[in-house]
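Residue-level structural notes
Chain by chain, the residues:
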Amino acid sequence: MSKDLTPAQAKALKKQQKQAQRAARKEQGGNVGGAPQASQQQHGSRKHTAVGNVGQSSAPETAAPDRPFAHLDQHKPIVSAADIHPAILNLALQMRRCNVLGSTQRCVAMMEAFSKVIEDYQSPPGTTLGRSLAAHLSRQIEVLKVGRALSVSQGNAIRWLKQHLSAVLDFKDVAAKEELQLAIKSFVRERLEVAAKVIVKSAGTHIRNGDTVLTFGHSSVVYQTLAAARKEGKEFSVICVDTPPLFEGKRSAVELVELEIPTSYILISAVPYLLDTVTTVMVGAHAMVSNGHLYSRVGTSLVAMAAFDRNIPMLVLCETLKFSERIQLDAFSVNEMIPGEGPNSVFYDLTDSKYISKVITEVGALPASSVPVILREYKTQQV
Amino acid sequence: MSAKGDINVQIAAFTAQLQRREISGSRAVALATAHLISRFVSSRRWPTADDLINQVKRLGRELEKAQPHELACGNIIRRILKSIRTVDETVELVEAVDDRERRSSMFGILSVPGSGDKSTDHMRSRDLKAAVIEDIQVLIEEIGNEEPLQRVGTEMINDNEVILTPCPRSVTLLDFFLKVAQKRSFTVLVTECYPNGVEDAKMFAERLTKAGIRTEILPDATVNAVMSKVSKVIISPRTVLANGGVIASSGMALPCLAAKNFNKPVLVFAGSYKLSLLYPFDVERLIEVGNSGKVIDFADADLMDKLEVTNPLCDYLGPELLDIIITTDGGHPPNFMYRIVLDNYSTQDQIL
């Protein structure tokens, strides 16, 4: 073999060997009094091969770095199993197709589906519902997760439900079912429906006669707030801002037109053009993360930034069920691809807390920086 | 006078084209205007420079009325007016010097005295015409030649950069990226510019990909989400205003605002035909509004009736959003643009 080498190649090979030796020696010297020599040598050689690997593995990495969201998971096909409840399967499909959209709607739909799962559940012989339901629910949740990643509201609701299972451990099956279904119903009413009512009342004070409210995409709480203000006889107009591919703003526009509120409809690129007429920006939330940023439909941060630039107050209407313990600094670390869209279409972006004037929740209005305070209060309550 | 009839037909045709938007894009309009005026100057009869200025102004008024949003047209006319004024001044100066020379030198004795005023006027007009047409030719060459602009720009692009551009319609930028790709490797993110630029974005990305540039089309709403990975934003506006702000196609204001908030530089590429004497005192008037059927399909007539749908075609970007404006004669800070504008135009021509 060595005969085939040209002098230059031989030289290069020698140099390489020398370098490897030097590296190994360096390793030994650096780690005084460490592990025995044999393992050191092994370490050195492993390092050498690792270096070689870097060259190889970096090739596929460089193939995609121009796609900013290349690292996100692709959606997998939804596969059913014998013990998966049809309601769950249906919900997973509806979420995947974006027919069930928006964190409130998704959470309500999920709780309703869980209620049906509990209704139809039959505990295996020799165990009780209280003891075996958790595992069954987990399998259902796995399928939902394949449909779409769980929303923060869904995650929080699931956490609550799993905790609540312990309350029915000693119940008979029928009683347990009844208790759980009731609890689910009251959970949804308390944390979403009543919460929304309280938020609507508080947010309504920000709408005065002659105002122009700008809203982005679709939010059920924002809709309820505008509808309530209209019912009170306030004269104001709304600008619905929309963006492809989901066009949720159109849904808002259709709803508002039905209430005979003067409504404008624009796409996000036209926001700077009409912003000077706006008095308040009102948006819903997917989640408030614990460092005070708003994690919501992609484009929200652009609207918030533009409003901030012109000193227009930006209100976030958010039930505390959507508060997340997570800390997030950018829209890359956590995000989700929109199924069936291009490789750069994602669901969410992150709005800096400095753009948010206040967050209106059912437990009061607060600055975005106070999100962790609320989270802590809830924690201490539960303990 | 067939030539005169001819030019009138050409003017009428060009005006109609402007009105119907058959000719659009600053570069195309600028070129067509310059060619038209070149023919206009050579075919029209005008005894003095002032006459010519008045005639060109009148033509300019007509063209501006035909398409008030196409500022490139007025820019070219003002450039030419300035050149007529300058040429006129130098011809006068040369004559004055000649006169003095003639009187003071020995040639004066031999020359025929009093060679008719009329003929010198005629001579002047012919000199002026030749000089003005030459200037217009230089201007036409300048419009077509973006090499200096590209040279300045290339220095500012580094290897492995991620460049975001929200204007897929710009020929200037397309040529620029193709040129830079010969020297550097970089990634371009093109925003979709929904609804007015979707097709353009596709074509833009296709052209760049074909040239081996990594290119991605980005939905407009995603701009803030990716801005931290972007190293520069490059735009090519329709018009650069005297305050250093620009009028650009819709969809550019938000990316530039995002860039400012992320402290990423915004580079503006504008051939000198895009420089305008205007100040944005009335931004509303400068912004063109387009077909709202692109925002909501007219098939949705019920909804369309009840909604106020707006589709602005332009954005105004203030000088505070921009970092550098690169024109044919180099890069300038936006706040300095009023000086560059004054170099190119005469303030007398602000209103045609």
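Anyway, here's the lowdown on the structure attached to this text. (Residues numbered from 1 in each chain as written. Chains lettered and ligands numbered in written order. Predicted model: local features only at pLDDT ≥ 70, side-chain atom pairs only at ≥ 80, totals over all residues. Heavy atoms only, no water.)

Looking at unusual backbone geometry
A cis amide bond, omega 0 degrees, links A:P244 with the succeeding residue A:P245. Look at the link from B:Y194 to B:P195: it is a cis peptide, with omega at 0 degrees. Inspection of the secondary structure puts B:P195 in the loop between β2 (187-191) and α9 (198-210). At A:N311, a position not held by glycine, the phi torsion is positive, near 60 degrees. Structurally, A:N311 is set in the loop between α11 (300-309) and β7 (314-317). The backbone of B:C193 sits at a positive phi, close to 55 degrees, despite the residue not being glycine. Checked against the element boundaries, B:C193 lands in the loop between β2 and α9. Note on B:C193: relative accessible area 8%, which makes it buried. (Helix = DSSP H or I, 4+ residues; strand = E, 2+ residues; numbered from the N terminus. Buried < 20%, exposed > 50% of the residue type's maximum accessible area, 1.4 Å probe, protein only.)

Brief notes about the packing of aromatic side chains
Taken as a whole, this structure holds 11 aromatic pairs over all chains when the rule is applied. Ring plane angle 45 degrees and centroid distance 4.4 Å describe the contact between B:F176 and B:F269, whose orientation is recorded as tilted. Of this pair, B:F176 sits in helix α8 (residues 171-180) while B:F269 sits in strand β7 (residues 266-269), and the two are 93 residues apart along the sequence. The interplanar angle of 20 degrees and the centroid separation of 5.8 Å between the aromatic rings of B:Y279 and B:F281 together place this pair among those described as stacked. With a relative accessible area of 37%, B:Y279 lands in the partly exposed category. Put simply, the rings of B:F176, B:F177, B:F186, B:F204 and B:F269 pair up and form one aromatic cluster. One Lys or Arg, A:R326, reaches over the ring of A:Y295 and ends 4.9 Å from the middle of that ring. (Phe/Tyr/Trp six-rings, centres within 6.5 Å; stacked < 30°, edge-to-face > 60°. Lys NZ or Arg CZ within 6 Å of the ring centre and 35° of its normal.)

So, the side chain of A:D349
All names here are of chain A. When you line up the elements, D349 lands in strand β8 (residues 348-351). No salt bridge is formed by the buried D349; the nearest opposite charge belongs to R297, separated by 8.9 Å. Polar side-chain contacts of D349 include one of 2.9 Å to the backbone nitrogen of G299. In this structure the side chain of D349 is engaged in a polar contact, spanning 2.7 Å, whose partner is the side chain of S301. (Lys, Arg positive; Asp, Glu negative; His and termini not counted. Salt bridge = Lys/Arg side-chain N within 4 Å of Asp/Glu carboxyl O. Polar contact = N/O pair within 3.5 Å; in protein donor to acceptor, adjacent residues only side chain to side chain.)

Remarks on the pairing of β8(A)
Remark: a regular strand shows side chains that alternate across the two faces of the sheet. Residues and elements named next belong to chain A. Where burial is concerned, the two faces of β8 agree: the one with Y348 and L350 and the one with D349 and T351 are both buried. Across 4 bridges, the pairing between strand β6 (residues 294-297) and β8 is antiparallel. Residue pairing in the sheet places S296 in a bridge with D349 of β8. (Pairing = 2+ DSSP bridges.)

A short note on the pairing of strand β9 (residues 358-361) of chain A
Residues and elements named next belong to chain A. Taken together, the 3 bridges between β7 and β9 define a ladder with parallel strand orientation. Note that in β9 the partner of L317 across the bridge is I360. Note: β9 against strand β10 (residues 364-366), 3 bridges, orientation antiparallel. Following the sheet pairing, T361 is matched in β10 by G364. The turn joining β9 and β10, which pair antiparallel and follow one another in sequence, is formed by 2 residues.

Focus on the environment of B:I351
Residues and elements named next belong to chain B. Note that I351 resides in the segment after α14 (337-344). Take I351: its relative accessible area is 69%, and that puts it in the exposed class. With 326 residues separating them in the primary sequence, I351 and G25 have C-alpha atoms 23 Å apart.

Overview of the sheet that holds β2(B)
All names here are of chain B. Across the sheet, 7 strands lie side by side as β3-β2-β1-β4-β7-β10-β11; this open sheet has mixed pairing. Across the chains shown, the open sheet's two edge strands, defined by having one partner strand only, are β3 (214-218) and β11 (330-332). Geometrically, the sheet is characterised by an average inter-axis angle of 25 degrees between neighbouring strands, direction not taken into account. For β7 and strand β10 (residues 324-327), the ladder comprises 3 bridges, and the chain directions are parallel. By the bridge assignment, F269 is partnered in β10 with I326. Against the sheet, helix α7 (residues 147-156) makes contact with β4 (232-235), β7, β10 and β11, and its axis sits at roughly 145 degrees relative to β10, the strand it touches most. In the packing of helix α11 (residues 253-261) onto the sheet, the strands contacted are β1 (162-165), β4 and β7, and the crossing angle to β4 comes to about 150 degrees. (Axes fitted to C-alpha atoms, helices over the stretch in contact; angles between N-to-C directions. Contact = heavy atoms within 4.5 Å.)

By themselves these figures say nothing about function.
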